[in-house]
Amino acid sequence: MHTDQPVEFEHQLVALRGYLMRFARLQLRNEAWAEDAVSETLLAALAKPLAFEARSQLKTWLVGILKHKIIDSMRQRQREVVLDTGSEDDSTDPLEHMAFKRDGHFAEKPADWGNPEQDLNSRQFFVILEACTDKLPAVQGRLFLMREWLELSSEAICKELNLTPTNLYVQLHRARLRLRECLELNWFAAR
């Protein structure tokens, strides 16, 4: 290994630390736990830098490690995790009333998304998706990431956060509506 490679690798890890902290904070809802998970992730990466074979982006590889650290942390602190369910005003989502008619059909036909499979290969798409995910309300963002990025089952999420399946599905539905709206405004309409 060239002498500059370990130093550059460390600099890249330092540069991605902020992103990893935001991801961990959203999931763990505790600064100290998030710090621990990110520190363990970075230590694991530093301990085995050759494990990163550049088959993916460094950020993707680190998020993969962090996912496991977050799940481990959630299991360890199962009884201590608290979900901020928000205020009473959160029970009615104005987006739902704008998106659907009384009969449950869309009020407006969704925009043409072109070829989503092709867009998934676009790095720009993932930048917009990440920004849209960051804009979600904290509870919805956390639940969406637990389900879609951490790939936890609905049952595990409900058990972990002491939620009813109905509440989980409502929050996930709202998150998906907001993501759809954000993607339509910032990605599909811009093309």
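Refer to the preceding data block for the structure.
Residues numbered from 1 in each chain as written. Predicted model: local features only at pLDDT ≥ 70, side-chain atom pairs only at ≥ 80, totals over all residues. Heavy atoms only, no water.

Visitor: How would you sum up the overall build of the chain? Please name residues and give values.
Guide: Each helix and strand in the chain was counted, giving nine helices and zero strands. When its helices and strands are written in sequence order, the chain yields α-α-α-α-α-α-α-α-α. When each of the 191 residues of the chain is scored for burial, the buried share is 38%. For the chain, the share of sequence-separated contacts (at least 6 apart) that also reach a separation of at least 24 residues comes to 74%. Carbon and sulfur atoms make up 52% of the accessible area of the chain, which amounts to about 12,200 Å² in all. (Helix = DSSP H or I, 4+ residues; strand = E, 2+ residues; numbered from the N terminus. Buried < 20%, exposed > 50% of the residue type's maximum accessible area, 1.4 Å probe, protein only. Contact = heavy atoms within 4.5 Å. Areas by Shrake-Rupley, 256 points an atom, 1.4 Å probe, with all protein chains shown as cover.)

Visitor: Talk me through the nonpolar core; I want residue IDs and the actual numbers.
Guide: Core analysis: the biggest nonpolar cluster contains 49 residues, and Ile 70 and Leu 143 have the highest contact counts within it. Going through the elements one at a time, α1 (4–28), α2 (31–47), α3 (58–76), α6 (123–135), α7 (138–148), α8 (154–161) and α9 (165–188) are the ones with two or more residues in this core. The greatest single-element share of this core, amounting to ten residues, is contributed by α1. In contact with Leu 143, other than residues within four places in its own chain, are Ile 157, Leu 161, Leu 163, Leu 168, Gln 171 and Leu 172. (Core = buried A, V, L, I, M, F, W, Y, C linked by side-chain atoms within 4.5 Å.)

Visitor: I'd like to hear about unusual backbone geometry, residue by residue, with values.
Guide: Despite not being glycine, Glu 151 shows a phi value in the positive range, around 60 degrees. In this fold, Glu 151 is placed in the loop between α7 and α8. Residue classification places Glu 151 among the exposed positions, given a relative accessible area of 63%. Of note, the phi angle at Asn 162 is positive, near 55 degrees, even though the residue is not glycine. Relative to the helices and strands, Asn 162 resides in the loop between α8 and α9. Overall, Asn 162 belongs to the exposed group, its relative accessible area being 72%.

Visitor: Describe α7, listing the residues and the values that go with them.
Guide: Counted residue by residue, α7 has eight buried out of eleven residues, so it is predominantly covered. Within the span of α7, buried status applies to Val 139, Gln 140, Gly 141, Arg 142, Leu 143, Phe 144, Leu 145 and Met 146.

Visitor: Report on the pattern of salt bridges, specifying residues and quantitative values.
Guide: Two side chains with opposite charge may pair up if their charged atoms get near one another. Considering all chains together, one arrives at five salt bridges under this definition. For Arg 25, the salt bridge goes to Glu 31, with nearest N and O atoms at 2.8 Å. Taking relative accessible area as the criterion, Arg 25 reaches 33% and is therefore assigned partly exposed. For Glu 31, a relative accessible area of 44% gives the class partly exposed. Arg 180 serves as the salt-bridge partner of Glu 184, at 3.4 Å between the closest nitrogen and oxygen. Of this pair, Glu 184 and Arg 180 both sit in helix α9, four residues apart, which is roughly one turn of the helix. Of the two residues, Glu 184 and Arg 180, neither departs from the other in class, the shared state being buried. (Salt bridge = Lys/Arg side-chain N within 4 Å of Asp/Glu carboxyl O.)

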